[in-house]
Amino acid sequence: MGIEEYGGGQGPQPDVLVVTTNDVPGHRVQEVLGEVFGLTVRSRHLGSQLGAGLKSLVGGELRGLTKTLVQTRNQAMDRLVEQARARGADAVLAFRFDVTEAADLGTEVCAYGTAVILARE
């Protein structure tokens, strides 16, 4: 698995900036548009679950599970950005992920934050 399969986040110069902080240096919040989120639930196919179960017996990274979780988080973040963009935001502050098991059927990932319009100081 290459490095591109292990991570995510935004590329350079995004039209909607997403940050984990409550502010952006050199900018002030001009308008708060409210909470935005992106949600997805993913299940794994039976073959990968069996492989992960066997791997857990001997230890080590569960690469298939890692790849699935990265894809899931990226999809949730993409949906968050789409929602922020649709509301006219140019940034999302206080960005976070919430990950839970969904009724033993899959993994629920919610990306959330506060959509805002920023102004340069």
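Just above, that's the structure.
What you are looking at is a predicted structure, and each value in this text was computed from that prediction instead of being measured.

Draft legend 1. Spatial organisation of unusual backbone geometry. Residues other than glycine seldom take positive phi values, yet Gln-13 does so here, at roughly 60 degrees. Tracing the backbone through its elements, the reader meets Gln-13 in the segment before β1 (17-18). Given the relative accessible area of 78%, Gln-13 is considered exposed. Here Ala-94, not a glycine, exhibits a phi torsion of approximately 55 degrees, which is positive. Position of Ala-94 among the secondary structure elements: in strand β3 (residues 91-102).

Draft legend 2. Structural context of the packing of aromatic side chains. The final tally for this structure, using the stated rule, is one aromatic pair. Between Phe-95 and Phe-97 the ring centres are 5.0 Å apart and the planes differ by 75 degrees, which places this aromatic pair in the edge-to-face class. Of the residues examined, Phe-95 reaches a relative accessible area of 9% and is grouped as buried.

Criteria and thresholds
Residues numbered from 1 in each chain as written. Predicted model: local features only at pLDDT ≥ 70, side-chain atom pairs only at ≥ 80, totals over all residues. Heavy atoms only, no water. Helix = DSSP H or I, 4+ residues; strand = E, 2+ residues; numbered from the N terminus. Buried < 20%, exposed > 50% of the residue type's maximum accessible area, 1.4 Å probe, protein only. Phe/Tyr/Trp six-rings, centres within 6.5 Å; stacked < 30°, edge-to-face > 60°.

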